[in-house]
Amino acid sequence: TYDHDASGNITREVIYLNAGPDTLWFTADDPVAGYLTYNYHINSQPAQKISYTAAGTDGTWFTADDTVSSYIAYSYSPQGNHTQSIVYSESGTDNNWFTGDDVIVGYATNAFDGLNNQTNALQFSGNGADAIWFTTDDIYSLSIAYDTTF
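It should be emphasised that the depicted structure is a prediction, and the values quoted were computed from it without experimental measurement.

Caption draft 1: A look at the sheet that holds strand 7 (residues 103-112). Ordered in space as 1-2-3-4-5-6-7-8-9, the nine strands form an open sheet in which the pairing is antiparallel. Two strands in the sheet have a free side with no partner beyond their single neighbour: strand 1 (2-4) and strand 9 (139-145). Geometrically, the sheet is characterised by an average inter-axis angle of 15° between neighbouring strands, direction not taken into account. Note that strand 8 (residues 118-126) and strand 9 share six bridges and pair antiparallel. What sits directly across from leucine 122, in strand 9, is serine 143.

Given below as structure tokens:
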């Protein structure tokens, strides 16, 4: 199921495990398998997508202690083009999510020409021999070039 904000943006997507004891989908007894939350910039561009996979210590879904399993942070150019997505898979050594030491598992970049046409997309799945992300030796798993001549 989906929740939306006043602008129509999806703010939460709930994934259910099964139809529950009454065997009817979308009733109160359907057990939650996890959920995603979406945060947006002021102009409705996605800022973050956060994945939750457990109800947390209180045993209640949709509360502040739910277990984050990963998140994606989105970046944009001044022209509004989606330029980067970074996927984080762990909270890092401080055990707090959304801080500078969160563990990156991959990222994607998009490039645009002066007319805001997308020219390429790259996905990176490894940080290369130097073990530092966002350097020239990062390992890309996908490269797409776009023809902008037409």
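Caption draft 2: Expanded view of the pattern of salt bridges. According to the stated counting rule, one finds one salt bridge in the structure shown. For aspartate 3, the salt bridge is made with arginine 12, and the minimal N-O distance between the two is 2.9 Å.

Caption draft 3: Layout of the packing of aromatic side chains. Scanning the entire structure with this criterion turns up 13 aromatic pairs. A centroid spacing of 5.8 Å and a plane angle of 70° characterise the contact between tyrosine 71 and tryptophan 97, whose relative ring orientation is edge-to-face. Here tyrosine 71 is found in strand 5 (residues 67-76), whereas its partner tryptophan 97 is found in the loop between strand 6 (82-90) and strand 7, with 26 residues between them in sequence. Consider the rings of tryptophan 97 and phenylalanine 98, whose centres lie 6.3 Å apart with planes at 50°: the pair is tilted. Judged by its relative accessible area of 38%, phenylalanine 98 is partly exposed. Through a chain of ring-to-ring contacts, the aromatic side chains of Tyr107, Phe124, Trp133, Phe134 and Tyr140 assemble into a single cluster. Positioned above the aromatic ring of phenylalanine 62 is the side chain of arginine 12, whose terminal nitrogen or guanidinium carbon lies 4.1 Å from the ring centre.

Caption draft 4: The side chain of aspartate 30, seen in detail. Within the secondary structure layout, aspartate 30 lies in the loop between strand 2 (10-16) and strand 3 (32-40). Of the side chains bearing the opposite charge, arginine 12 lies closest to the buried aspartate 30, which forms no salt bridge; the N-O distance is 14 Å. Here phenylalanine 26 takes part through its backbone nitrogen, which lies 2.5 Å from a polar atom of the side chain of aspartate 30. Excluding residues that lie within four positions of it along the chain, aspartate 30 makes contacts with Tyr16, Asn18, Ala19, Gly20, Asp22, Leu24 and Trp25.

Caption draft 5: Representation of unusual backbone geometry within the structure. The backbone of phenylalanine 98 shows a phi angle near 70°, a positive value even though the residue is not glycine. Summarising the element assignment, phenylalanine 98 is placed in the loop between strand 6 and strand 7. Despite not being glycine, asparagine 116 shows a phi value in the positive range, around 70°. Within the secondary structure, asparagine 116 is located in the loop between strand 7 and strand 8.

Caption draft 6: Region of the structure containing the environment of leucine 24. Its place among the elements puts leucine 24 in the loop between strand 2 and strand 3. Sequence separation between leucine 24 and threonine 1 is 23 residues; the distance between their C-alpha atoms is 14 Å. If near-sequence neighbours (up to four positions away) are discounted, leucine 24 is found in contact with Ala19, Asp29 and Asp30.

Conventions used here
- Counting starts from 1 at the beginning of each chain's written sequence and moves along it residue by residue.
- Whole-chain, interface and lining totals are the exception, using all residues; otherwise, since this is a predicted model, local features are given only for residues with pLDDT of at least 70 and side-chain atom pairs are given and counted only at 80 or more.
- The side-chain numbers reported here are obtained from all heavy atoms of the structure, hydrogens and water having been left aside.
- Here, strands pair whenever DSSP counts at least two bridges between them.
- Note on conventions: DSSP H or I runs of at least 4 residues are helices, E runs of at least 2 residues are strands, and numbering of each starts at the N terminus.
- All axes are obtained by fitting lines to C-alpha atoms, using only the stretch in contact for helices, and the reported angles, taken between N-to-C directions, cover 0 to 180 degrees.
- The term salt bridge refers to a side-chain nitrogen of Lys or Arg lying within 4 Å of a carboxyl oxygen of Asp or Glu.
- Only Phe, Tyr and Trp rings take part, Trp by its six-membered ring, and two of them pair if their centres are within 6.5 Å. Stacked means planes under 30 degrees apart, edge-to-face means over 60, and tilted covers everything else.
- A simple rule labels every residue: compare its accessible area, found with a 1.4 Å probe on the protein chains alone, to the largest value its type can have, and call it buried under 20%, exposed over 50%, or partly exposed in between.
- Geometrically, a lysine NZ or arginine CZ counts as sitting over a ring once it is within 6 Å of the ring centre and also within 35 degrees of the ring normal.
- Charge counting follows a simple rule: Lys and Arg are positive, Asp and Glu are negative, and His as well as the terminal groups are ignored.
- By the criterion applied in these results, polar contacts are pairs of N or O atoms within 3.5 Å in which, for protein atoms, one can donate a hydrogen and the other can accept it, and in which residues neighboring in sequence qualify only through two side-chain atoms.
- By the convention used here, residues are in contact when the closest approach between their heavy atoms is within 4.5 Å.

As far as function goes, none of this settles anything; it's purely spatial.
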